[in-house]
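Working through the structure, step by step
Here is how the chains run, residue by residue.
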Amino acid sequence: MLTTPLQDGFWMPGEHAPQQAVWLAWPTRVDNWRQQAKPAQRAFLHFIHQLQKVVQVNLAVLPELVESVRECVPKDVEVHAIAYNDAWMRDIGPTIVVNQTGEKRAVNWQFNAWGGERDGLYEDWQADQSVASKVAKREQVQQYDAPFILEGGAIHCDGEGTLYTTEECLLHPSRNPHLSKAQVEANLREYLGVEKVIWLPKGLYNDETNGHIDNILHVVRPGEVMLTVCEDPSDPQYDISMMALDILKDEKDAQGRNIKVYALPMPGPLYISETEATGLVSSDRMAREAGERLAASYANFLICNDSIFYPLLDEQEDKAAARVFAQAFPNHKLIGIPARDILLGGGNLHCISQQIPR
């Protein structure tokens, strides 16, 4: 299309809006998912079983695996034969925008495996680059092709004109070095229909996506967000979270509201074990070494149709996180998902899912 969503009256709704479907992709990559991806597949399958109770689940599966995967997923899950390079549907899938009449369209972002030649996580991402268009076709929606690199995990919108992101990611030299901050903001306005961009300096410590917003902050509803905080001043995450808190304290959203912040505890810190590191096929670009700190965060959850799917990561902090979720979402059902084996791949529940608004 030659126009933009903003020109046509479309915008990105908040995740709290009603959802028609959620897309995921089946994990298989042996340099990212240990033990031939079997533990990750079990974790995905548990999530899918819980998720399909509240929404239609659409699952992208490599063509050669369609029959075997179809046998193990619930019968109501729609399995789609689609080629891809890795299973991060939030980043490779389309972002859906809507208009006042309820029409939906898709935004197809350019993708370069979180850094391209500079620091991308794998060398060939051509199959990933084509996923958004294939999902849009199956959803029977028209598509905008955005002229810049962006991953879905790099943005959170409240549906009322406010977008949250990080300078670490969207201004990273491996994304769009030819664009200034003002030009990036202009593009976000054009392709997401937002009025205001709130920038946090950095994302979660040691996040290999160059600081995706969805691993440190999550929009609860307009004017309210959750943020990962750290209580240990000696931890590198402490200063990152304090900077974010200071910014959010002084900011107002697009509608002029003060921003309420729910403080989520930080799990761990958590580290890759020797067993987990040895269960991988070696890769130069995607190192997974024993003792490496994991980018673990409860902010990487999914809101879906009055339910909250949040990762279970640390027995010492899971209950504390659940209490914060209960405070922020008093009318939602809270569903904890064992997610260590998803975390080991570099993300979590929000990263592996992409919603289609109702």
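Predicted model only: the values in this text are computed from it and were never measured.

With that out of the way, let us pick up empty space enclosed by the protein. Throughout the structure, instances matching the rule amount to seven cavities of 30 Å³ or more. When its volume is computed, the largest cavity comes out at roughly 120 Å³. As for the largest cavity, its lining consists of Asn206, Glu208, Ile272, Arg288, Glu292, Arg293, Leu294, Ala295, Leu343, Leu344, Gly346 and Gly347. Here the lining of the largest cavity is built from residues that sort into five nonpolar, three polar and four charged.

So, about the side chain of aspartate 31. The topology assignment puts aspartate 31 in the loop between β1 (19–25) and α2 (38–51). Aspartate 31 gets classed as buried once you look at its relative accessible area, which sits at 10%. Of note is the side chain of aspartate 31, whose polar atom sits 2.7 Å from the side chain of arginine 29. Of the polar contacts made by the side chain of aspartate 31, one reaches the side chain of serine 283; its length is 3.4 Å.

Note that proline 265 resides in the loop between β12 (260–264) and α11 (274–278). Each C-alpha atom, one on proline 265 and one on arginine 34, is 27 Å from the other, the two residues being 231 residues apart in sequence.

Right, let's talk about the packing of aromatic side chains for a bit. Tallied over the full model, the rule gives 11 aromatic pairs. An angle of 85 degrees between the planes, with centres 5.7 Å apart, marks the rings of tryptophan 33 and phenylalanine 44 as edge-to-face. Taken together, the residues span a long stretch of sequence, with tryptophan 33 in the loop between β1 and α2 and phenylalanine 44 in helix α2 at a distance of 11 residues. Tryptophan 33 sits in the buried class, given a relative accessible area of 1%. Judged by its relative accessible area of 0%, phenylalanine 44 is buried. An aromatic cluster of three or more residues is present, and its members are Phe301, Tyr310, Phe325 and Phe329.

Here the focus is the sheet that holds strand β15 (residues 333–338). Taken in spatial order, the three strands line up as β13-β14-β15 in an open sheet, and their pairing is mixed. Of all the strands in the sheet, just β13 (302–304) and β15 have a single pairing partner and so form its edges. Pairs of neighbouring strands in the sheet enclose a mean axial angle of 25 degrees, with direction left out of account. Note that strand β14 (residues 307–312) and β15 share six bridges and pair parallel. Within the sheet, the bridge partner assigned to phenylalanine 309 lies in β15 and is isoleucine 335. Strand contacts of α2: β13, β14 and β15, with the helix running at about 165 degrees to β15, the strand carrying the most contacts.

Thresholds, definitions, all that
- Residues numbered from 1 in each chain as written.
- Predicted model: local features only at pLDDT ≥ 70, side-chain atom pairs only at ≥ 80, totals over all residues.
- Heavy atoms only, no water.
- 1 Å grid on protein atoms, 1.4 Å probe; cavity = no way out; pocket = protein on both sides within 12 Å on 5 of 7 lines; lining within 4 Å.
- Points joined across faces, edges and corners; volume = space filled by probe spheres on them.
- Nonpolar A, V, L, I, M, F, W, Y, C, P; charged D, E, K, R; others polar.
- Helix = DSSP H or I, 4+ residues; strand = E, 2+ residues; numbered from the N terminus.
- Buried < 20%, exposed > 50% of the residue type's maximum accessible area, 1.4 Å probe, protein only.
- Polar contact = N/O pair within 3.5 Å; in protein donor to acceptor, adjacent residues only side chain to side chain.
- Phe/Tyr/Trp six-rings, centres within 6.5 Å; stacked < 30°, edge-to-face > 60°.
- Pairing = 2+ DSSP bridges.
- Axes fitted to C-alpha atoms, helices over the stretch in contact; angles between N-to-C directions.
- Contact = heavy atoms within 4.5 Å.

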